[in-house]
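Summary of the model geometry
Letter by letter, the chains look like this.
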Amino acid sequence: MDKKNIIKEYTNGEVTIVWQAAKCIHSANCVKNNPDVFQPKTRPWIKPEASSTEKIISTINTCPSGALTYYMNDAEGKKHESKLKMG
Ligand code: SF4
């Protein structure tokens, strides 16, 4: 299994977190900024339901490597993951 190609997506129904394993430099910015969501010792290591969408986005913006990105589930052209309760 080639870990370098792993791309994982995690959604809270509103925002989808995209994590690219190959880009992650394990700086742990995400863990420090939002330990409720980013829990590298557990599986799945990202728990998007554990904080607000706003906080998830601001945390992703602190990722220095670009490993973490996100998209809004309602953004045009993006897929709709499982339709969970909104807001
Ligand atoms: S902030 Fe980005 S580079 Fe750092 S551990 Fe989290 S995902 Fe990896």
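Here the structure is shown first, and the text comes after it.
Structural notes, computed from the coordinates.

Reading the values: rules and limits
Residues numbered from 1 in each chain as written. Predicted model: local features only at pLDDT ≥ 70, side-chain atom pairs only at ≥ 80, totals over all residues. Heavy atoms only, no water. Helix = DSSP H or I, 4+ residues; strand = E, 2+ residues; numbered from the N terminus. Buried < 20%, exposed > 50% of the residue type's maximum accessible area, 1.4 Å probe, protein only. Contact = heavy atoms within 4.5 Å. Pairing = 2+ DSSP bridges. Phe/Tyr/Trp six-rings, centres within 6.5 Å; stacked < 30°, edge-to-face > 60°. Near = heavy atom within 4 Å. Nonpolar A, V, L, I, M, F, W, Y, C, P; charged D, E, K, R; others polar.

Here we come to the overall build of the chain. Across its full length, the chain carries two helices and three strands. Listed N to C, the secondary structure of the chain is β-β-α-α-β in terms of helices and strands. The burial tally for the chain puts 32% of its 87 residues in the buried class. In the chain, of all internal contacts separated by at least 6 residues, the share reaching a separation of at least 24 is 56%.

Here the focus is the pairing of strand 2 (residues 15-20). Most of strand 2 sits inside the fold, with five of its six residues counted as buried. One ladder, built from five bridges, connects strand 1 (residues 7-11) with strand 2; its direction is antiparallel. What sits directly across from glutamate 9, in strand 2, is valine 18. Hairpin connection of strand 1 to strand 2: three residues between the antiparallel strands, including glycine 13 at a positive phi of 95°. Pairing geometry for strand 2 and strand 3 (residues 68-72), over five bridges, is antiparallel. Bridging from a neighbouring strand, threonine 16 pairs with tyrosine 71 of strand 3.

This part covers the packing of aromatic side chains. Taken as a whole and judged by the stated rule, the model has two aromatic pairs. A centroid spacing of 5.1 Å and a plane angle of 70° characterise the contact between tryptophan 19 and tryptophan 45, whose relative ring orientation is edge-to-face. In this pair, tryptophan 19 is assigned in strand 2 and tryptophan 45 in the loop between helix 1 (29-33) and helix 2 (53-60), connecting sequence segments 26 residues apart. Residue tryptophan 19 is classed as buried on the basis of its relative accessible area, which comes to 14%. Judged by its relative accessible area of 11%, tryptophan 45 falls in the buried class. When the ring of phenylalanine 38 is compared with that of tryptophan 45, the centres are 5.8 Å apart and the planes differ by 55°; the resulting orientation is tilted. Chaining the aromatic ring pairs together yields one cluster made of Trp19, Phe38 and Trp45.

This part takes up the site of the ligand. Around the ligand, a shell composed of Trp19, Cys24, Ile25, His26, Ser27, Ala28, Asn29, Cys30, Cys63, Pro64, Ser65 and Leu68 is seen. Of the residues in the shell around the ligand, the class split is eight nonpolar, four polar and no charged.

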